[in-house]
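These are the residues of each chain, in order.
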Amino acid sequence: MPEPLLEVKDLKVHFSTDDGIVKAVDGISFSIAPGETLGVVGESGSGKSVSFLTIMGLIRSKGALISGEVLFRGQDLLKLPSDELRHIRGAKISMIFQDPMTSLHPFYKVGAQISEAIRAHQDVSKKEALNQSVEMLRRVGIPRPEERAKQYPHEFSGGMRQRAMIAMALSLNPDLLIADEPTTALDVTVQAQILDLIDRLKEEFDAAVVMITHDLGVVAEHCDDIMVMYAGKAVEYGEARDIYYNSHHPYTWGLLQSITRIDEDLGERLRPIKGLPPSLIFVPRGCAFHPRCPYVMDVCKQEVPPLLPSAGHHSSACHLSLAEKERIFDQEVAAQR
Amino acid sequence: MSVQVTERTEPPAEPSPRGEPLVRLRGVKKHFPITRGIIFQKKIGNVHAVDGIDLDVYPGETVGLVGETGCGKSTTARLIMRLMDATEGEILFQGQDITKLTPRKLRPFRREMQMIFQDPYASLNPRHTVGSIIGAPFHLHKTVPKNKVKDEVRELMELVGLNPEHYNRYPHEFSGGQRQRIGVARALALRPKLIVCDEPVSALDVSIQAQILNLLEDLQEEFKLTYLFIAHDLSVVRHVSDRVAVMYLGRIVEVADGKTLYETPKHPYTGALLSAVPIPDPELAAKKRRIILEGDVPSPINPPSGCRFHPRCPRAQFPTCKEFDPDLEEFHPGQLAACHFPLEDRALMEATG
């Protein structure tokens, strides 16, 4: 097992609001090795974006109570003063977001925006930075990068904008790229292109990637490990194979069954997860998923299930016995797929 | 199944067992002028958003419309709803051409067709309560006496899975999925025959998508609804649709029933779309060979000559594809595609293992 690049231990992010404490992230732990891709899957409000914004040091709200450890190459990012963190953010860890139009500045030329990122971390001339920007645009597959660098974001299509964002994120050769729903706003054809691009660049730059998504379908072929989050907690964590072929948590089953598959038999009715994700202020007692869980038992309403390993580093937080989980997965989840 | 999309000059191959189409599009075009100048506006070109579409939608069926951003699928929906006026062509609703009706004559037709939008938040007035949003159609069309509206709205809310006690709440108090249910309830209020769903689940989480898709399915059965279902996600479209029409740059390039389209796509664009759909299974996904399309959709201002797909097509042969615009031809019963060099029947199956 290689030395982890990023190791997160018991990260908690709570916000105190007038209505009570919002437990946006409530004790998650995971690690990523160089060259690995971690998929983080969950519904809106499960805490997946907040976790990584915190890791990037981008949660600055006064009401935020952050605890735990975020070790990046052994150094705890949560304890770093903000000017030191700034050297890491952007240069060593960078992030791309769902909507590339709102994360690019509409008044500045694309090349200038990438140059700015480069010049914030490297002591190079404007001209040199612009040359590097053009080179990055070329590497992410933008045709005629010299001309494109002189254009504004609105002159780019959605897919091109996301490529420009990726170019910016990779311009400083980061060790870790965090992609927050990078393809949700894009067409399937463009989605396939962008995911392939991230895979290819990961190899080329020898970076680790975190792929945040709500759709288990999208990340199947791109992730080594997957963490499934629900109501601020990791409910299942393991290798991609474990999650798709031997999942141990009813929430993951629900996610798998909700996906419309292009290769399914027609006439199959979808089996969505009933109900809605809980409010993070009033998280249900016991297992947070119990009000929506078809296999709920009395113990689920009282005790929070711990995240326990079953084999390797595959772990799940559910009170069902391992034998039960395997039986249900094989008979009810896998059989349908 | 009969041929639903035909050349305008030809009569349908055989009378359809489902009778008259509810909606029939013939040669429908929508061009948006591009102008230059502030006071003296000069027309310098056209955006060919929809450029000659023939499509029939039969009562009780769901027709899916797929394509990339900018292919004209939403414009087509708006033309059918007559939220825009077509530049050319006929749109028949129950046999009556609605493109030239006066607003007054159009009114009874409006009741029969409703729409559900992509962004459930943007399509609900944030200052109105849910009760007044869902009740608005009753006030406009006066199908229900005023004192009964409230009961009717509560019934609708229950029907779409909302708590009727939330009658006085505002849209921001609901989650995305619930807001979409509000949109569905509003569309259902006047008991329309046709509901045009424009990307109804694209903005929702997967688990909620499935809830809404099941809801739409149940409502279709209960009220014998006809859906025109627009989405860019082929797996969602295939799941809900009886027939699927694939659009590219303002044209329909292929139509078939869901099974045929998936198993034996004829148009290379359909093949590429299908191959780009992610499969939630790491092993199958790794085996699958993708047809990666180069570049973006060309500008609809100056669509390419000949077959519009030829600059991105992996099978294009020159000069045929560049010079001749292919017509829709029948390949399997009910399957039409516009391509000079269509895919072989086995091609995609092999590509996906």
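Residues numbered from 1 in each chain as written. Chains lettered and ligands numbered in written order. Predicted model: local features only at pLDDT ≥ 70, side-chain atom pairs only at ≥ 80, totals over all residues.

1. Observations concerning the overall build of chain A
Of the regular secondary structure elements, chain A holds 13 helices and 12 strands. Taken over the C-alpha trace, chain A has a radius of gyration of 21 Å; the compact-globule value for 337 residues is 20 Å, and the two agree within 12%. The principal-axis extent of the C-alpha atoms belonging to chain A is close to 65 × 50 × 40 Å. Across the 337 residues in chain A, those meeting the buried criterion constitute 50%. Intrachain contacts of chain A at a sequence separation of at least 6 include 64% that bridge at least 24 residues. (Helix = DSSP H or I, 4+ residues; strand = E, 2+ residues; numbered from the N terminus. Rg over C-alpha atoms; globule rule 2.2 N^0.38 Å. Buried ≥ 20, exposed ≤ 12 C-beta atoms within 10 Å, placed from the backbone. Contact = placed C-beta atoms within 7 Å.)

2. With respect to the nonpolar core
Residues Val-210 and Val-228 of chain A together with Ala-185, Leu-228, Phe-229 and Val-246 of chain B are the most contacted members of the largest nonpolar core, which totals 199 residues. Two domains each put at least three residues into this core: domain 1 (1-92 + 178-189 + 205-337) and domain 2 (103-173) of chain A. Contact partners of Val-246 of chain B, with chain neighbours within four places excluded, come to Val-66, Gly-67, Ile-252, Val-253, Glu-254, His-267, Tyr-269, Thr-270 and Leu-273 of chain B. (Core = buried A, V, L, I, M, F, W, Y, C linked by C-beta atoms within 7 Å. Domains from an automatic or database assignment.)

3. What about the interface of chain A and chain B?
Contacts between the two partners involve 37 residues from chain A and, on the opposite side, 38 residues from chain B. Listed by contribution, the elements that provide at least two residues to the side of chain A that touches chain B are helix 7 (158-170), helix 8 (188-205), helix 9 (216-219), helix 10 (240-245) and helix 11 (250-258) of chain A. The leading source of residues in the side of chain A that touches chain B is helix 8 of chain A, at five residues. The residue makeup of the side of chain A that touches chain B, split by class, is 17 nonpolar, 12 polar and eight charged. (Nonpolar A, V, L, I, M, F, W, Y, C, P; charged D, E, K, R; others polar.)

4. Description of helix 3 (residues 130-141) of chain B
Those residues of helix 3 of chain B not exposed but buried are Val-130, Ile-133, Ile-134, Gly-135, Pro-137 and Phe-138 of chain B. Positive backbone phi, approximately 50°, marks Lys-142 of chain B, located one or two places after helix 3 of chain B.

5. Thoughts on unusual backbone geometry
Here the residue pair Phe-318 of chain B and Pro-319 of chain B is connected by a cis peptide bond, since its omega of 5° sits within 30 degrees of zero. Here Pro-319 of chain B lies in the loop between helix 10 (282-287) and helix 11 (320-323). Unlike most non-glycine residues, Asp-10 of chain A shows phi in positive territory, near 50°. Topologically, Asp-10 of chain A is positioned in strand 1 (residues 6-17). Assessed through the 11 C-beta atoms surrounding it within 10 Å, Asp-10 of chain A is described here as exposed.

6. A closer look at the pairing of strand 1 (residues 23-36) of chain B
Residues and elements named next belong to chain B. Across five bridges, strand 1 lies against strand 4 (residues 88-93) in antiparallel orientation. Looking at the pairing, Lys-29 lines up with Glu-88 of strand 4. Note that strand 1 and strand 2 (residues 42-57) share 12 bridges and pair antiparallel. Bridge pairing in strand 2 places Val-28 opposite Ile-53. (Pairing = 2+ DSSP bridges.)

7. A few points about the sheet that holds strand 9 (residues 243-248) of chain B
Residue and element names in this part refer to chain B. Strand order in the open sheet formed by eight strands is 6-7-8-3-9-10-12-11, with mixed pairing between adjacent strands. Every interior strand has two partners, whereas the edge strands, strand 6 (113-116) and strand 11 (329-332), have only one. Across this sheet, the average inter-strand angle for adjacent strands is 20°, counted without regard to direction. Direction of pairing for strand 3 (residues 62-66) relative to strand 8 (residues 226-231): parallel, over a ladder of five bridges. (Axes fitted to C-alpha atoms, helices over the stretch in contact; angles between N-to-C directions.)

8. Considerations on the environment of Arg-186 of chain B
Residue and element names in this part refer to chain B. Tracing the chain through its elements places Arg-186 in helix 5 (residues 176-188). Expressed as a C-alpha distance, the spacing of Arg-186 and Ser-132, which sit 54 residues apart in the sequence, is 9.8 Å. Other than its neighbours up to four places away in sequence, Arg-186 contacts Ile-133, Ile-134 and Pro-137.

9. Describing the packing of helix 7 of chain A against helix 8 of chain A
Residues and elements named next belong to chain A. The geometry of helix 7 relative to helix 8 is characterised by a closest axis approach of 10 Å and an angle of 15° between their N-to-C directions. The angle between helix 7 and helix 8 falls in the class roughly parallel. Here helix 7 and helix 8 pass one another in a crossing that is right-handed. In contact with Gly-158, Gly-159, Gln-162, Ile-166 and Leu-170 of helix 7, helix 8 contributes Val-190, Gln-193, Ile-194, Leu-197, Ile-198, Leu-201 and Phe-205. Partitioned by chemical class, the residues of the contact of helix 7 with helix 8 number eight nonpolar, four polar and no charged. (Parallel < 35°, antiparallel > 145°, perpendicular 65-115°, else oblique. Left-handed = near helix turned anticlockwise from the far one by under 90°.)

10. Notes on the sheet that holds strand 4 of chain B
Residue and element names in this part refer to chain B. With respect to topology, four strands assemble into an open sheet ordered 2-1-4-5, the strand pairing being antiparallel. This sheet does not close on itself; its edge strands, each paired only once, are strand 2 and strand 5 (96-97). On top of the sheet, helix 1 (residues 73-80) reaches strand 1, strand 2 and strand 4; it is set at about 75° to strand 2, its chief contact.

11. Topic: the environment of Leu-293 of chain B
Along the chain, Leu-293 of chain B turns up in the loop between helix 10 and helix 11. Residue Leu-293 of chain B is classed as buried on the basis of its C-beta count, with 22 C-beta atoms lying within 10 Å. Considered as a pair, Leu-293 of chain B and Gly-89 of chain B are 204 residues apart in the sequence and their alpha carbons are 32 Å apart. Apart from the residues within four sequence positions on either side, Leu-293 of chain B is in contact with Thr-189 of chain A together with Ala-272 and Arg-312 of chain B.

12. Re the domain arrangement of chain A
Residue and element names in this part refer to chain A. Along its sequence, chain A is organised into domain 1 (1-92 + 178-189 + 205-337) and domain 2 (103-173). Relative placement of domain 1 and domain 2: their C-alpha centres are 32 Å apart. Domain 1 puts six residues into the contact, and the matching count from domain 2 is nine residues. Taken together, the residues of the side of domain 1 that touches domain 2 sort by class into five nonpolar, one polar and no charged.

13. Re helix 5 of chain B
All names here are of chain B. The terminal C-alpha atoms of helix 5, which comprises 13 residues, lie 19 Å apart, in line with the 18 Å expected from a rise of 1.5 Å per residue. Inspection of helix 5 places Gly-177, Gln-178, Arg-179, Gln-180, Arg-181, Ile-182, Gly-183, Val-184, Ala-185, Arg-186, Ala-187 and Leu-188 among the buried residues, and these make up the whole buried set. Elements in contact with the buried residues of helix 5: strand 6, helix 3, helix 4 (149-159), strand 7 (194-198) and helix 6 (206-223). (Expected span 1.5 Å × (residues − 1).)

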